[in-house]
Amino acid sequence: MESTKGDSSTSGYKFAGVSIDEGKSKPVISTDGLFGRRDMIKVVLLVTTVTLSCLLFYKSANNPLNMVSLWKTDCYSSKTINETSLETVQKREPVSELERVLMNAAMEDNTVIITALNEAWVKPNSTFDVFRESFKAGIGTEILLKHVIAVCLDKHAYDRCIEVHPHCYLINVTDSDQLSGPNRFMTPGYLKLIWRRMDLLKEVLGLGYNFIFTDADILWLRDPFPRFFRDADFQITCDDYNGKPSDKNNHVNSGFTYVKANNRTLSFYKFWIRSSRKFPGKHDQDVFNLIKNKQFVLKLGINIRFLDTVYFGGFCQPSRDINVVNTMHANCCIGLDNKVNNLKAALEDWKRYVSLNTTVSETKWNIPPKCGY
């Protein structure tokens, strides 16, 4: 807007290229009037903003948390308002409960740590308590605990989990009574638990999340990430390690895996789960060994690496060097009580080592041979 005269008088102004001067029969439009064009635009914008705000508060009236979640997860809303253009932008459907838990627990690179629990494993002073204690006693591991998702296979496990841990997810199952007990190795309940968790891990990959899956009977003593192979799609621990990280003849243990989300790993997990139907009565490790050299897997080009027991030890083959060990697994140990007691003994060995604050020349774990076979 610029004056049509050389002074600062308000007697004549141009509006959209039309001159309005005093003394002519055309109506005078005051620049300070409430209904000037600029002011009309301001009023319209103000009314629109107030209306949208009222609708937003009305929508959240039945759930006060909607106000927080709307801004936190707006990119997942089915419709959101672009504040600049006020245009309605289509977005994908709201997140599922699993996605919500994954988003809350994920690291910056979309990596989560997942463990599976049932009622027996989550009871006070049982496996889950020892598992969490190891993170707190470990070196560089306590910070990782906030990225752990406890997948609960029955309602009792979930109720206990939410009392002690921030990220718990309840699998919706109709046979939770068969999954809630100790489920000794290779019993029908054990096999059902194993393949239920495999279905979940496939779903996590499909949602684009990398994961470490860790059994709850594993002590986390050091941050494992520096020990992983950078170029590997799928990394797995061993009961017995032959010294060759690419050798598929290593005797694997699927209780600890690090998997990157991509088309290769998702296809591999789908094939792994489908293959279980061809081998009834087999657990995931057995099926892995039966399919690892199949033509389908070779064509996928998936990069598989096997982890050294020096760093990722277990009761089958304990780490030979406590100065570098990252995890210790209660494998080759039968019975929940045996596992818990021997995990506690190994954790005490670790705490004594940490208290020394020095490198030790000899590693000795207080674990009985065969751990209760």
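Owing to the predicted nature of the structure, the values given are computational and were not obtained by experimental measurement.

> Just to check I follow, could you spell out empty space enclosed by the protein for this structure?
Where empty space is left can be seen by rolling a probe of water-molecule size over the atoms. By the definition in use, this model includes two cavities of 30 Å³ or more. Counted as a void, the largest cavity has a volume near 50 Å³. Lining the largest cavity are Ile218, Thr237, Cys238, Asp239, Asn253, Phe256, Phe312, Gly313, Thr327, His329 and Asn331. Tallying contributions element by element places strand S10 (residues 234-240) first for the lining of the largest cavity, with three residues. When grouped by side-chain class, the residues that make up the lining of the largest cavity number four nonpolar, six polar and one charged.

> What's the story with the pattern of salt bridges in this structure? I'm lost.
Once their charged atoms are close, side chains differing in charge can pair, the charge on each being opposite to the other. Inspection of every chain in the model, using the stated rule, returns eleven salt bridges. Put simply, Arg197 and Asp284 hold a salt bridge, and the shortest N to O gap is 3.3 Å. You can see Arg197 sitting in helix H8 (residues 188-206) and its partner Asp284 sitting in helix H10 (residues 284-291), a full 87 residues away along the chain. Salt-bridge contacts for Lys351 lead to Glu348; the nearest nitrogen and oxygen are separated by 3.8 Å. Residue Lys351 and its partner Glu348 are both found in helix H12 (residues 336-356); the two are separated by three residues, about one turn of the helix. For Lys351, a relative accessible area of 29% translates into the label partly exposed. Ionic contacts of the salt-bridge type, sharing partners, join the residues Asp129, Arg160 and Glu163 into one network.

> Help me out: how do you make sense of the nonpolar core in this one?
Leu219, Trp220, Leu221, Phe256, Phe315, Met328 and Trp365 are the most contacted members of the largest nonpolar core, which has 44 residues in total. Looking at this core, the element that brings in the most residues is H12, giving seven residues. Residue contacts for Leu221: discarding those within four places in its chain leaves Gly138, Ile139, Thr141, Val325, Asn326, Met328, Leu347, Trp350 and Trp365.

> Any chance you could explain helix H3 (residues 97-105) here in plain terms?
The periodicity of an α-helix, 3.6 residues per turn, causes residues three or four places apart in sequence to face the same way. Three or more residues of H3 are buried, namely Leu98, Glu99, Val101, Leu102 and Ala105. Looking straight down H3, one finds that the buried residues subtend no more than 160° of arc, so they occupy a single side.

> Would you explain the sheet that holds strand S13 (residues 312-314) in this entry?
Pairing between the strands of a sheet is mediated by backbone hydrogen bonds and can be parallel or antiparallel. The strand order across the open sheet built from three strands is S9-S14-S13, with neighbouring strands paired in mixed fashion. On the outer flanks of this sheet lie strand S9 (218-220) and S13, each paired with one strand and no other. Across the sheet, the axes of successive neighbouring strands diverge by a mean angle of 20°, strand direction being ignored. For S13 and strand S14 (residues 327-329), the ladder comprises three bridges, and the chain directions are parallel. Directly across from Phe312, in S14, lies its bridge partner Thr327.

Reading the values: rules and limits
Residues numbered from 1 in each chain as written. Predicted model: local features only at pLDDT ≥ 70, side-chain atom pairs only at ≥ 80, totals over all residues. Heavy atoms only, no water. 1 Å grid on protein atoms, 1.4 Å probe; cavity = no way out; pocket = protein on both sides within 12 Å on 5 of 7 lines; lining within 4 Å. Points joined across faces, edges and corners; volume = space filled by probe spheres on them. Helix = DSSP H or I, 4+ residues; strand = E, 2+ residues; numbered from the N terminus. Nonpolar A, V, L, I, M, F, W, Y, C, P; charged D, E, K, R; others polar. Salt bridge = Lys/Arg side-chain N within 4 Å of Asp/Glu carboxyl O. Buried < 20%, exposed > 50% of the residue type's maximum accessible area, 1.4 Å probe, protein only. Core = buried A, V, L, I, M, F, W, Y, C linked by side-chain atoms within 4.5 Å. Contact = heavy atoms within 4.5 Å. Arc of directions from axis to C-beta. Pairing = 2+ DSSP bridges. Axes fitted to C-alpha atoms, helices over the stretch in contact; angles between N-to-C directions.

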